[in-house]
Amino acid sequence: MKKLLFSIIVFFTINYLSMGQPLIGQSQATQDVFIAVGTLNTDLVYKVSGKDGRLYQVYIGTKLGNIDDLKNVRDA
């Protein structure tokens, strides 16, 4: 299970970087990008910050009803 989750994270990270998005240290996007990975009972949500271009884990836990609700949560 850990290998599958790691593979999915690597896949999405490579896809994000290959989409022509600016790298850290270059001009940054102003909008956050959310990446959701889920199973039948669990969700894992990452956010690529538009401010600094870093990847943050936003949520891990039981299945979410709507991932858009996380966009309104204030940064910790």
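Look up: the structure comes first, before these words.
All values derive from a computational prediction rather than experimental measurement.

Draft legend 1. Representation of the nonpolar core in the model. Core analysis: the biggest nonpolar cluster contains five residues, these being Ile35, Val37, Leu44, Tyr46 and Val48. Every element with two or more residues in this core is listed here: strand E1 (33-38) and strand E2 (42-48). If you tally residues by element for this core, the top one is E2, at three residues.

Draft legend 2. Region of the structure containing the pattern of salt bridges. Using the criterion set out here, one finds two salt bridges in the structure. With a shortest N-O distance of 3.8 Å, Asp32 and Lys47 are connected by a salt bridge. In this pair, Asp32 is assigned in the loop between helix H1 (2-17) and E1 and Lys47 in strand E2, connecting sequence segments 15 residues apart. Classification of Lys47 by relative accessible area gives buried; the value is 7%. Residue Asp43 is joined to Lys63 by a salt bridge in which the shortest nitrogen-to-oxygen separation is 3.3 Å. You can see Asp43 sitting in strand E2 and its partner Lys63 sitting in the segment after strand E3 (55-62), a full 20 residues away along the chain.

So, how was this worked out
- Residues numbered from 1 in each chain as written.
- Predicted model: local features only at pLDDT ≥ 70, side-chain atom pairs only at ≥ 80, totals over all residues.
- Heavy atoms only, no water.
- Core = buried A, V, L, I, M, F, W, Y, C linked by side-chain atoms within 4.5 Å.
- Buried < 20%, exposed > 50% of the residue type's maximum accessible area, 1.4 Å probe, protein only.
- Helix = DSSP H or I, 4+ residues; strand = E, 2+ residues; numbered from the N terminus.
- Salt bridge = Lys/Arg side-chain N within 4 Å of Asp/Glu carboxyl O.

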